Amino acid sequence: MRVAVVGATGAVGSTMLGVMRERTFPADEVVPFASERSAGRTIDWGDVDLSVQPLTEESIRGFDLALFSAGSSVSAEWAPRFADAGAVVVDNSSQWRMHDDVPLVVAEVNPKALEGHRGIVANPNCTTMQTVMALGPILHEAGIERVVMSTYQAVSGTGQKAVDELHRQAEAVIEAREIPAPAVYPHQIAFNVLPQVETFKDGDDYTTEERKCMHETRKILGREDVKVSATCVRVPVYTGHSVSANVQTVEPLSPGECRELLAKAPGVVVVDDPANGIYPTAMDVAGRDDVLVGRIRRDPSHERCLNLWIVGDNLRKGAATNAVQVAELLKVRGLLRAAAA
Ligand SMILES: NC(=O)c1ccc[n+]([C@@H]2O[C@H](COP(=O)([O-])OP(=O)(O)OC[C@H]3O[C@@H](n4cnc5c(N)ncnc54)[C@H](OP(=O)(O)O)[C@@H]3O)[C@@H](O)[C@H]2O)c1
């Protein structure tokens, strides 16, 4: 199998390459792609040196699989070209996620959605990904009427420039120097909390990230009737998104039953002994593939509502690991070929 990794020099792309090695992904050849700026650079991939290629009509030929993480505009232009040239694309950007003929897949939650794909498969938004890892089993067991989610999102979700901005600002505050003006975010992120993740588009009073959380959650769960409300917040954390989710079920579900259910769910680890200070934090999850869930408790204002605290590594399960898991599913299920139109 020949595999293209598009955006291989970026935060998600380099994590995908690492995850492929860790999982001994069955590729015969891996070719990294990035912008013209990086063409010719060498990537050390274990015992192999990979040479970064630019995207051209010639260079994209002959692949079985293409893992994309180069942003929406690159995916808009190049994912269909890879698909036309015979590859199945797994795309991390938001470009294709809500298209009707593009499956939006979380490996443990809705793998069946891969069947009948037309050459492009989308990887969900990182915050949505970790949240549905907990919501999927609950939906299955007790049904879900409504979810209210508030997110606490790490700066690495924006990319390396945002990590650098937090670092520089934090250093300046600690050293009592003039704080560099924000360039990536609209306000200072160091020692601050910003109730804005991405942009307010076309006068909408929800951000594009909040809209993604609401729409993508319903699509992955396969339930347009589930009501979802999201508030997305950027916090000065390097890696690991946290989500506070209030989940209203159809059938009664006790906190104990929910704990048991999630403890059995693949890819989820319950960390829930708050009296002893044991609950998931962003620091615990950085570098891990599991989604950690804790603080599982009854909402005192509603007999069929539970509150959950869900933490995931935005670069791993929130992006790279799920993309590689989806690629593995495509291979194992014989789906490395688009269904006929
Ligand atoms: N960071 C996260 O937690 C996260 C989570 C889920 C999804 N995503 C999505 O994944 C995508 C990548 O995010 P990231 O954080 O990895 O970004 P990033 O660190 O900025 O990396 C972007 C990558 O895209 C490449 N690229 C840029 N312009 C290109 C072009 N014209 N042609 C080919 N390659 C080009 C870059 O190559 P150069 O190095 O040559 O510039 C780099 O390899 C985005 O769509 C993002 O929304 C990110």
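The paragraphs below set out a description of the structure included in this document. The numbers attached to residues start from 1 for each chain and follow its sequence in the written order. Only residues with pLDDT of 70 or above have their local features reported here, since the model is predicted, and side-chain atom pairs are shown and tallied only from 80 upward, although totals for entire chains, interfaces and linings are computed over all residues. The basis for every side-chain value is the complete set of non-hydrogen atoms in the structure, without hydrogens or water.

Notes on the overall build of the protein
In this text, helices come from DSSP runs of H or I with a minimum length of four residues, and strands from runs of E with a minimum of two, each type numbered from the N-terminal end. A tally of helices and strands in the protein yields eight helices and 13 strands. A globule of 341 residues ought to have a C-alpha radius of gyration of about 20 Å, and the protein, at 20 Å, matches this closely. Based on the C-alpha atoms only, the size of the protein along its principal axes is roughly 60 × 55 × 45 Å. Residue exposure (1.4 Å probe, protein chains only): buried if accessible area is under 20% of the type maximum, exposed if over 50%, otherwise partly exposed. Scored against the burial criterion, the 341 residues of the protein give a buried share of 50%. Residues count as neighbours in contact if any of their non-hydrogen atoms are within 4.5 Å of one another. Across the protein, the fraction of contacts at a sequence separation of at least 24, relative to all contacts at a separation of at least 6, is 66%. The sign given to each residue is positive for Lys and Arg and negative for Asp and Glu; His and the chain ends receive no count. The atom standing in for a charge is NZ when the residue is Lys, CZ when it is Arg, CG when it is Asp and CD when it is Glu. Of the charged side chains in the protein, 34 are positive and 45 negative, and the gap between their average positions amounts to 2 Å. With the radius of gyration taken over C-alpha atoms, the globule rule is written as 2.2 Å times the number of residues to the power 0.38.

Description of the side chain of Asn246
Mapping Asn246 onto the fold places it in strand β10 (residues 241-249). Whenever a nitrogen or oxygen atom comes within 3.5 Å of another N or O atom, the pair is scored as a polar contact, on the condition that within protein one atom can donate a hydrogen and the other can accept it, and that pairs from neighbouring residues in sequence are kept only if both atoms are in side chains. Side-chain polar atoms of Asn246 contact the side chain of Asp299, separated by 2.9 Å. Not counting residues within four places of it along the chain, the set of residues in contact with Asn246 comprises Arg146, Val147, Val148, Asp299, Cys305, Leu306 and Asn307.

Let's talk about the environment of Tyr185
Considering the arrangement of structural elements, one finds Tyr185 in the loop between α4 (160-174) and α5 (208-221). The spatial distance from the C-alpha of Tyr185 to the C-alpha of Ala162 is 7.7 Å, given a sequence separation of 23 residues. If sequence neighbours within four positions are ignored, Tyr185 has contacts with Val155, Thr158, Ala162, Glu165, Leu194 and Arg234. Only 3.4 Å separates the side chain of Tyr185 from the side chain of Arg234, close enough to count as a polar contact.

A word on a nonpolar patch on the surface
Only residues whose relative accessible area exceeds 30% and that take part in no salt bridge are eligible for patches, with like-charged residues grouped when within 9 Å of each other and nonpolar side chains (Val, Leu, Ile, Met, Phe, Trp, Tyr) grouped when within 5 Å. Using a 1.4 Å probe, the Shrake-Rupley method yields the accessible areas, and only the shown protein chains count as cover for residues. Any carboxyl oxygen of Asp or Glu within 4 Å of a side-chain nitrogen of Lys or Arg constitutes a salt bridge here. Together, Val173, Ile174, Ile179 and Phe191 give the surface a local cluster of nonpolar side chains, amounting to about 390 Å² of exposed area. Here Ile179 lies in the loop between α4 and α5. Among the residues examined, Ile179 registers a relative accessible area of 34% and is labelled partly exposed.

Focus: the packing of aromatic side chains
Two descriptors summarise a pair of aromatic rings, namely the distance from one centre to the other and the angle between the planes of the rings. Two rings belonging to Phe, Tyr or Trp (six-membered ring only in the last case) form a pair when the distance between their centres is within 6.5 Å. Interplanar angles under 30 degrees mark stacking, angles over 60 mark edge-to-face geometry, and anything in between is tilted. Under the counting rule described, the total for this entry stands at five aromatic pairs. Plain terms: the ring middles of Phe68 and Phe82 are 5.4 Å apart, the flat faces sit at 90° to each other, and that makes the pair edge-to-face. Linking Phe68 in strand β5 (residues 65-68) with Phe82 in helix α2 (residues 72-84), this pair joins segments that are 14 residues apart in sequence. A centroid spacing of 5.2 Å and a plane angle of 65° characterise the contact between Tyr152 and Trp309, whose relative ring orientation is edge-to-face.

A closer look at the pairing of strand β8 (residues 144-153)
Side chains on a regular strand alternate between the two faces of the sheet. Two elements, β8 and β10, share eight bridges in a ladder whose sense is antiparallel. The residue of β10 that forms the bridge with Ser150 is Ser244. Here the rule is simple: two strands pair whenever DSSP picks up at least two bridges between them.

Overview of the sheet that holds strand β13 (residues 305-312)
Pairing within the open sheet is mixed, and its six strands lie in the order β9-β8-β10-β13-β12-β11. In the strand order of this sheet, the two ends are held by β9 (227-234) and β11 (268-270), each with one partner. This sheet shows a mean twist of 20° between the axes of neighbouring strands, independent of strand direction. As defined by bridge partners, strand β12 (residues 291-298) adjoins β13 across five bridges and the pair is classed as antiparallel. Paired with Gly294 across the two strands is Trp309, which belongs to β13. Axis definition: a line fitted to C-alpha atoms, over the contacting stretch in the case of helices. Angles run 0 to 180 degrees between N-to-C directions. Against the sheet, α5 engages β8 and β9, with an angle of about 145° to β9.

Notes on the packing of helix α1 (residues 11-22) against helix α8 (residues 316-332)
With their axes 9 Å apart at the nearest point, α1 and α8 run at an angle of 50° to one another. It follows that α1 is oblique to α8 by the angle criterion. As α1 runs across α8, the sense of the crossing is right-handed. For the pair formed by α1 and α8, the contact residues are Val12, Thr15, Met16, Val19, Met20 and Glu22 on the first element and Arg316, Ala319, Ala320, Thr321, Ala323 and Val324 on the second. Three categories are distinguished: nonpolar for Ala, Val, Leu, Ile, Met, Phe, Trp, Tyr, Cys and Pro, charged for Asp, Glu, Lys and Arg, and polar for the others, with Gly belonging to the last. Among the residues forming the contact of α1 with α8, the class breakdown is eight nonpolar, two polar and two charged. Throughout this description, any angle smaller than 35 degrees is read as roughly parallel, any larger than 145 degrees as roughly antiparallel, any in the 65 to 115 degree range as roughly perpendicular, and the remainder as oblique. Take the far helix as the reference: if the near one is turned anticlockwise from it by less than a right angle, the crossing is left-handed, and if turned clockwise, right-handed.

Notes on the site of the ligand
Not every one of the 25 residues close to the ligand is listed here, only the nearest: Thr9, Val12, Ser35, Arg37 and Ser38. Gly10 is positioned with one of its backbone polar atoms (N or O) 3.0 Å from an oxygen atom of the ligand. A distance of 3.1 Å is found between a nitrogen atom of the ligand and a backbone nitrogen or oxygen belonging to Ser156. In isolation the ligand exposes 910 Å². Once the protein is present, 75% of that is buried. Going through the elements one at a time, α1 and α8 are the ones with two or more residues in the shell around the ligand. We define proximity as follows: a residue is near a molecule or strand when any one of its heavy atoms falls within 4 Å of that partner.

Examining the pattern of salt bridges
For the structure on display, the rule yields 19 salt bridges. The shortest N-O distance in the salt bridge between Glu216 and Arg97 comes to 3.0 Å. With Glu216 in helix α5 and Arg97 in the loop between β6 (88-91) and β7 (120-122), this residue pair connects regions lying 119 residues apart in the sequence. For the residue pair Glu216 and Arg97, the accessibility class agrees, reading buried in each case. Here Glu115 ties to Lys112 by a salt bridge, and the two come within 3.7 Å at their closest N and O atoms. Classification of Lys112 as exposed rests on a relative accessible area of 59%.

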